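# Per-entry structural report
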Amino acid sequence: MDIIKYIILGIIQGLTEPLPISSSGHLVLFKNLFNTNMLNDVNFEIVVNFGSFLAILFIFRKDVWRLIQGFFGYIFDKKNRKKFAQDFKYCLLIIIGSIPVGIAGLLFKDKVDSWSGNMTLLGCAFLITSLMLFLVRKANGKKKDYDITVKDAIIIGLLQMIALTPGISRSGTVLVGCLLCGISRESSLKYTFMLYFPVSVASMGLGVVDLFQDGNLSNLLLPYTLGMIAACVVTYFSYRWLSSLVKRGKLWKFSIYCFFLAIFVLIYFR
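Only a predicted model underlies this, so the values are computations on that prediction, with no experimental measurement involved.

In this fold, Ser187 is placed in helix α9 (residues 185-213). Setting aside anything within four residues of it in sequence, one finds Ser187 in contact with Lys143, Lys144 and Asp145.

Turning to the packing of helix α1 (residues 2-16) against helix α2 (residues 23-34), a few remarks are in order. Running from amino to carboxyl end, α1 crosses α2 at an angle of 155°, the nearest separation of the two axes being 9 Å. Classified by the interaxial angle, the pair formed by α1 and α2 is roughly antiparallel. Viewed along their axes, α1 and α2 form a crossing whose handedness is right-handed. The segment α1 lies against α2, with Lys5, Ile8, Leu9, Ile12, Gln13 and Thr16 engaging Ser23, His26, Leu27, Phe30, Lys31 and Phe34. Its residues assigned to classes, the contact of α1 with α2 comprises 6 nonpolar, 4 polar and 2 charged.

This part takes up the packing of helix α4 (residues 61-76) against helix α5 (residues 81-114). Their axes nearest at 7 Å, the elements α4 and α5 cross at an angle of 115°. Comparing their axes, α5 and α4 come out roughly perpendicular. Of the two possible hands of crossing, α4 and α5 adopt the one that is left-handed. Of the residues in α5, those in contact with Arg66, Leu67, Gln69, Gly70, Phe71, Gly73, Tyr74 and Ile75 of α4 are Arg81, Phe84, Ala85, Asp87, Phe88, Tyr90, Cys91, Ile94 and Ile95. When its residues are assigned to classes, the contact of α4 with α5 shows 11 nonpolar, 3 polar and 3 charged.

Moving on, we come to a nonpolar patch on the surface. There is a patch of nonpolar side chains on the surface, built from Leu92, Ile95, Ile99, Ile103, Leu107 and Phe108 and spanning about 560 Å² of accessible area. Mapped onto the fold, Leu92 is located in helix α5. Here Leu92 falls in the partly exposed class, since its relative accessible area comes to 35%.

Turning to helix α6 (residues 119-135), a few remarks are in order. Helix length check: α6 (17 residues) gives 25 Å between terminal C-alpha atoms against 24 Å at 1.5 Å per residue, within 8%. All of the buried residues in α6 are Met119, Leu122, Gly123, Ala125, Phe126, Thr129, Ser130, Met132 and Leu133. Taken together, the buried residues of α6 touch α2, α8 (170-180) and α11 (252-268).

With 12 residues, α2 should cover 16 Å at 1.5 Å per step; its first-to-last C-alpha distance of 16 Å lies within 8% of that length. All buried positions along α2 are accounted for by Ser23, Gly25, His26, Leu27, Val28, Leu29 and Lys31.

This part covers the layout of surface pockets. Its boundaries defined by the atoms lining it, the second largest pocket holds a volume of some 300 Å³. As for the second largest pocket, its lining consists of 14 residues, of which Val64, Leu67, Ile68, Cys91 and Ile94 are closest to the centre. Elements with a contribution of two residues or more to the lining of the second largest pocket: α3 (42-59), α4, α5 and α9. Examining the composition of the lining of the second largest pocket, we find that 5 residues originate from one element, α4, more than from any other. Considered class by class, the residues forming the lining of the second largest pocket number 13 nonpolar, 1 polar and no charged.

Parameters at a glance
Position numbers for residues count from 1 along each chain, tracking the sequence in the order it is written. In keeping with the predicted nature of the model, local features appear solely for residues at pLDDT of at least 70, side-chain atom pairs appear and are counted solely at 80 or more, and the whole-chain, interface and lining totals rest on all residues. The side-chain figures draw on all heavy atoms in the structure; neither hydrogens nor water molecules are used. Only DSSP runs of H or I covering at least 4 residues are called helices, and only runs of E covering at least 2 are called strands; the numbering of each starts at the N terminus. Two residues form a contact once any of their heavy atoms are found within 4.5 Å. Fitting a line to C-alpha atoms yields each axis, with helices limited to the stretch in contact; the angle taken between N-to-C directions then spans 0 to 180 degrees. By the definition adopted for this analysis, an angle is roughly parallel if under 35 degrees, roughly antiparallel if over 145, roughly perpendicular if from 65 to 115, and oblique otherwise. Put simply, a crossing is left-handed when the front helix is turned counterclockwise from the back one by less than a right angle, and right-handed when it is turned clockwise. Under the scheme applied here, ten amino acids are nonpolar (Ala, Val, Leu, Ile, Met, Phe, Trp, Tyr, Cys and Pro), four are charged (Asp, Glu, Lys and Arg), and all others, including Gly, are polar. Each patch is assembled from residues with relative accessible area greater than 30% and no salt bridge, linking like charges that lie within 9 Å and nonpolar side chains (Val, Leu, Ile, Met, Phe, Trp, Tyr) that lie within 5 Å. Residue-level accessible areas treat just the shown protein chains as cover; the underlying method is Shrake-Rupley with a 1.4 Å probe. One speaks of a salt bridge when a side-chain nitrogen belonging to Lys or Arg is within 4 Å of a carboxyl oxygen belonging to Asp or Glu. Working definition: with a 1.4 Å probe on protein chains only, accessible area under 20% of the residue-type maximum means buried, over 50% means exposed, and in between means partly exposed. By this rule, a helix spans an expected 1.5 Å times one less than how many residues it contains. Definitions used for this entry: grid spacing 1 Å over protein atoms alone; cavity, a set of points where a 1.4 Å probe fits but cannot get out; pocket, an open set with protein on both sides within 12 Å along at least 5 of 7 lines; lining residue, one with an atom within 4 Å of a point. Grid points are joined across faces, edges and corners, and a volume is the space filled by probe spheres set on the points.

Shown next as structure tokens:
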């Protein structure tokens, strides 16, 4: 039965990670609904996050490889710097946009972790996500990938900090920030998931030591692996769905979903 629960949670992670509805909030919610001893299993969250990471890395593999080439090409290939300049600048914008949440995560990690069992806070956080998505339901700027400015990256990075709270979607917050900065829907979607990589790598890096020091890891290897595979596969298809909806300006659908989810959480767990 526990294996089935791990697979279900992996599917939930995969479905909600790309979508602007908070994967961490949904994991907290369903863990409480299941009422299992998995409530404090932070290691499982690391594993399923890795599954989602692999899926999104596969989707953006060409962009990631080009940006890596551009970043190091600009630094080491001085004769062709002009060729790599735009991609180098884009990489810097990813770094700038990631710094605020990185600092906040290091300073407030323990505090944020203590919020995961507060269901009233979770319900309010879903409401905030709903409101943010509703506010940008018609937004569609003209800026493309290379038109994003340092100011935009700082604003988006600061907004991303609030997504540390379970129930406030990271992808939703970044999408909202991008759209408010006048970035086009397609470029907003891309920058949102470019910012996902450093945040995801950092969070996995902080937790991987604890994962391998877990004395019960060998007993959990099968459910962890199945959960990770489920998260990876579902994340891939979930992103494809999100991409279609964002390009058609349908973010408001997630706003409605988060609103009713918030009402459910606030009533059910009162």
